[in-house]
Amino acid sequence: MSEKSFNYLLFLSPLFIVIIFMNSLIFVREAIYFILFYFIFMFLIYRNKLPHKILKNTLWIFIVSFIVYLSINTKYDKYGIIVILETGVMLAVFSLSVFLSIKGSYYKNAIWYLSTVYFWMFLVRSLVELEQLKYGYNLSTGLSLFSLLPLIGVGADNLTKRKVFYVSILCSLFILMYVGARQAVVSILMFSFIAAMLNRNILSMQKKKIFIIFSVFVMISIISFYPLYIMLSTIEHVSWVGGDGGSSFNFFNKRIGTRLDIWKHLLYYISLDPLLGHGANLSTSMLQPTSLIEFNMNRDNLSSHSTYLEIIYRIGFLGLFLFLLIFYKIIKILSNNLHVWEVKIISAYVLSLLVYISTSVILVFDSNLNSIFIWIALGVGIGASLKGCPLKKMIKLR
């Protein structure tokens with residue numbers, strides 16, 4: 001058996017067992033620890049081949065700083081320890097994904113096969129339960145498909161795999177528009193558009209400053225969105241979309257102001273301690289609407305549905321700054337090698353991800369494997385950029 005075949009067998013065999021025989025358990029909370037131990041095992045096998053200069057990157061300083069700040073700004077009850085542990089696991093898997101992606105194409109290709117198999121298994125199951133998803137789990141469906149697409153994208157190093165990638169995007173958009181997962185639809189469209197621009201060298205390696213400036217502009221725009229949305233909008237302004245069920249696609253039947261009341265009340269609580277927050281162990285789902293502000297929704301909690309607001313409430317604007325600093329460093333690393341296919345895909349995905357998390361809590365304070373999938377994909381892109389060259393000769397898309 002060749003070394004390449006052995007690498008594939010070593011990497012794929014235990015994960016295929018999990019996907020095929022333990023599909024019902026793949027999104028349980030404890031699954032993230034299985035992923036971490038597995039990545040540690042793979043890292044120990046290939047650690048001697050790791051370039052030491054990779055460890056000197058300031059990205060790791062930003063990651064450690066975020067975890068340390070998170071550890072300081074929490075109460076050490078049972079939930080507080082779990083939050084710190086799970087966040088550490090997420091960022092550890094990201095770091096290991098960076099190291100493994102530097103080692104060779106087997107890692108990237110193994111990820112492509114695994115993610116493609118699971119993506120289409122999930123897609124077929126979604127088609128069977130389409131009507132139920134339309135009126136129930138459209139958000140989780142959107143997150144699952146959105147988190148798997150970059151893993152399919154980074155491994156698409158030939159024309160056949162890229163066709164599979166494009167078909168996966170189109171099928172995802174159709175299903176998500178039907179079930180009404182609006183944030184996923186918008187983010188996938190943005191992901192596709194930016195990837196196309198990068199592939200056509202509109203934001204090329206020679207213009208990496210433009211890419212960085214554009215990325216910072218996206219960050220600032222998203223953070224500015226919340227106060228402007230709350231100050232300038234009313235229920236009448238944001239409820240004009242659909243609502244009468246006239247379209248077969250649920251995307252057009254849902255009003256866009258469902259979170260206005262929640263965010264008004266949440267910003268009130270944030271204003272009580274905006275710099276440091278209320279504690280990493282305190283979720284917004286524990287909050288109840290304040291009597292000082294009118295509340296028109298039929299619910300008894302203020303679950304934020306926004307990673308940015310969740311971070312600000314728990315660990316303040318200082319915590320948000322450290323979190324965005326990690327992403328700024330990721331963007332800066334990616335901008336150095338925008339000619340590499342994997343880097344193009346993840347660069348586009350990072351910007352769409354910054355939009356997606358404005359209306360969903362993922363990446364931190366979330367133990368779902370969808371977040372792990374996203375961190376793994378980001379790690380592949382960072383590893384490809386740090387390596388400084390494509391893992392295979394890239395062919396320009398037509």
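Residues numbered from 1 in each chain as written. Predicted model: local features only at pLDDT ≥ 70, side-chain atom pairs only at ≥ 80, totals over all residues. Heavy atoms only, no water.

Undergrad: Is there a simple way to explain the overall build of the chain in this structure?
TA: When its secondary structure is counted, the chain shows 15 helices and 0 strands. Evaluated residue by residue, the chain yields a buried proportion of 56% over its 398 residues. For the chain, contacts bridging at least 24 residues in sequence account for 79% of all contacts bridging at least 6. Only carbon and sulfur atoms are counted for the fraction: they give 67% of the accessible area of the chain, which is about 17500 Å². (Helix = DSSP H or I, 4+ residues; strand = E, 2+ residues; numbered from the N terminus. Buried < 20%, exposed > 50% of the residue type's maximum accessible area, 1.4 Å probe, protein only. Contact = heavy atoms within 4.5 Å. Areas by Shrake-Rupley, 256 points an atom, 1.4 Å probe, with all protein chains shown as cover.)

Undergrad: In this structure, what is going on with the side chain of Lys329? I would like to understand it.
TA: Tracing the sequence through the fold places Lys329 in helix α13 (residues 307–334). Buried charged residue Lys329 carries no salt bridge. Nearest counter-charge: Glu342, at 20 Å. At 3.1 Å, the side chain of Lys329 and the side chain of Thr58 are in polar contact. Once you skip the residues sitting within four places of it in the chain, Lys329 turns out to touch Asn57, Thr58, Leu59 and Phe62. (Lys, Arg positive; Asp, Glu negative; His and termini not counted. Salt bridge = Lys/Arg side-chain N within 4 Å of Asp/Glu carboxyl O. Polar contact = N/O pair within 3.5 Å; in protein donor to acceptor, adjacent residues only side chain to side chain.)

Undergrad: Before we go on, may I ask you to explain a nonpolar patch on the surface in this structure?
TA: A surface patch of nonpolar side chains, amounting to about 380 Å² of accessible area, comprises Leu275, Leu276, Leu318 and Phe321. Along the chain, the position of Leu318 falls in helix α13. (Patch = residues over 30% accessible without salt bridge, like charges linked within 9 Å, V, L, I, M, F, W, Y side chains within 5 Å.)

Undergrad: Which parts of the structure should I look at to understand helix α15 (residues 369–387)?
TA: Three- or four-residue spacings in an α-helix give side chains the same orientation, since the helix completes a turn every 3.6 residues. In this model, α15 (19 residues) spans 27 Å end to end at C-alpha, consistent with the 27 Å of a helix rising 1.5 Å per residue. By the criterion of burial, α15 is predominantly enclosed, with 17 of the 19 residues buried. (Expected span 1.5 Å × (residues − 1).)

Undergrad: Would you explain empty space enclosed by the protein in this entry?
TA: A probe as big as a water molecule, rolled over the atoms, marks out the empty space that is left. On inspection of all chains with the given rule, the structure shows 1 cavity of 30 Å³ or more. There is about 30 Å³ of room inside the largest cavity. Taken together, Val83, Glu86, Thr87, Met90, Phe365 and Asp366 form the lining of the largest cavity. (1 Å grid on protein atoms, 1.4 Å probe; cavity = no way out; pocket = protein on both sides within 12 Å on 5 of 7 lines; lining within 4 Å. Points joined across faces, edges and corners; volume = space filled by probe spheres on them.)

Undergrad: When you look at the pattern of salt bridges in this model, what are you seeing that I'm missing?
TA: As a working rule, side chains carrying opposite charge can pair if their charged atoms are close by. On inspection of all chains with the given rule, the structure shows 1 salt bridge. The salt bridge partner of Glu310 is Arg314, with a shortest N-O separation of 2.8 Å. Pair noted here: Glu310 and Arg314 are both in helix α13, with a separation of 4 residues, about one helical turn. Take Glu310: its relative accessible area is 2%, and that puts it in the buried class.

Undergrad: When you look at the environment of Val89 in this model, what are you seeing that I'm missing?
TA: Mapped onto the elements, Val89 comes out in helix α4 (residues 78–103). A residue is classified by how much of its surface remains accessible, and Val89, at 3% relative accessible area, is buried. Each C-alpha atom, one on Val89 and one on Leu36, is 6.6 Å from the other, the two residues being 53 residues apart in sequence. Here Val89 is in contact with Ile32, Tyr33 and Leu36, once residues within four sequence places are set aside.

Undergrad: Where do I start with unusual backbone geometry in this structure?
TA: Glycine aside, residues mostly have negative phi, and peptide bonds are mostly found in the trans state. A positive phi angle, near 75°, is found at Leu363, a position not held by glycine. Locating Leu363 in the fold gives a position in the loop between α14 (341–356) and α15.

Undergrad: What is the right way to look at the environment of Ser192 in this model?
TA: Here Ser192 lies in helix α9 (residues 182–199). Placed 160 residues apart in sequence, Ser192 and Ser352 show a C-alpha to C-alpha distance of 9.0 Å.

Undergrad: Looking at this structure, I do not really get the packing of α14 against α15. What am I missing?
TA: In helix packing, the relevant descriptors are the interaxial angle and the interaxial distance, both defined with respect to the helix axes. Contact pair α14 / α15: the axes reach a minimum separation of 8 Å and the direction vectors enclose 135°. Regarding the angle of α14 to α15, the classification is oblique. Where α14 crosses over α15, the two elements pack in a sense that is left-handed. Contact residues: Glu342, Val343, Ile346, Tyr349, Val350 and Leu353 in α14; Ile374, Ala377, Leu378, Gly381, Ala384 and Ser385 in α15. (Axes fitted to C-alpha atoms, helices over the stretch in contact; angles between N-to-C directions. Parallel < 35°, antiparallel > 145°, perpendicular 65-115°, else oblique. Left-handed = near helix turned anticlockwise from the far one by under 90°.)

Undergrad: What am I meant to see in the confidence of the model for the chain here?
TA: Any residue range with low pLDDT should be treated as having predicted coordinates unsuitable for detailed reading. Of all residues in the chain, 71% have pLDDT values of 70 or greater, and the mean over the chain is 76. Per-element averaging of pLDDT across the chain places helix α11 (residues 235–238) at the bottom with 50 and α13 at the top with 91. Segment residues 389–398 is flagged for pLDDT under 50; beyond a separation of four residues in sequence, or across chains, it makes 23 contacts in the model. (pLDDT = per-residue confidence, 0-100.)

Undergrad: What's the story with the packing of aromatic side chains in this structure? I'm lost.
TA: Between two aromatic rings, the relevant description is the distance of the centres plus the angle of the planes. Throughout the structure, instances matching the rule amount to 15 aromatic pairs. Between Trp112 and Tyr113, the ring centres sit 5.0 Å apart and the planes meet at 85°, which makes this aromatic pair edge-to-face. Note on Trp112: relative accessible area 9%, which makes it buried. Considering the side-chain rings of Tyr118 and Phe122, the 6.4 Å spacing of their centres and the 35° angle between planes classify their relative orientation as tilted. Linking Tyr118 with Phe122, this pair stays in helix α5 (residues 105–128), spanning 4 residues, or about one helical turn. (Phe/Tyr/Trp six-rings, centres within 6.5 Å; stacked < 30°, edge-to-face > 60°.)

Undergrad: Looking at this structure, I do not really get α14. What am I missing?
TA: Look at α14: 22 Å from first C-alpha to last across 16 residues, which is about the 22 Å you get at 1.5 Å a residue. Most of α14 sits inside the fold, with 15 of its 16 residues counted as buried.

Undergrad: Can you help me understand the side chain of Ser358 in this one?
TA: Structurally, the position occupied by Ser358 is in the loop between α14 and α15. Look at Ser358 and you get buried, because its relative accessible area is 10%. Side-chain polar atoms of Ser358 contact the backbone oxygen of Val355, separated by 2.5 Å.

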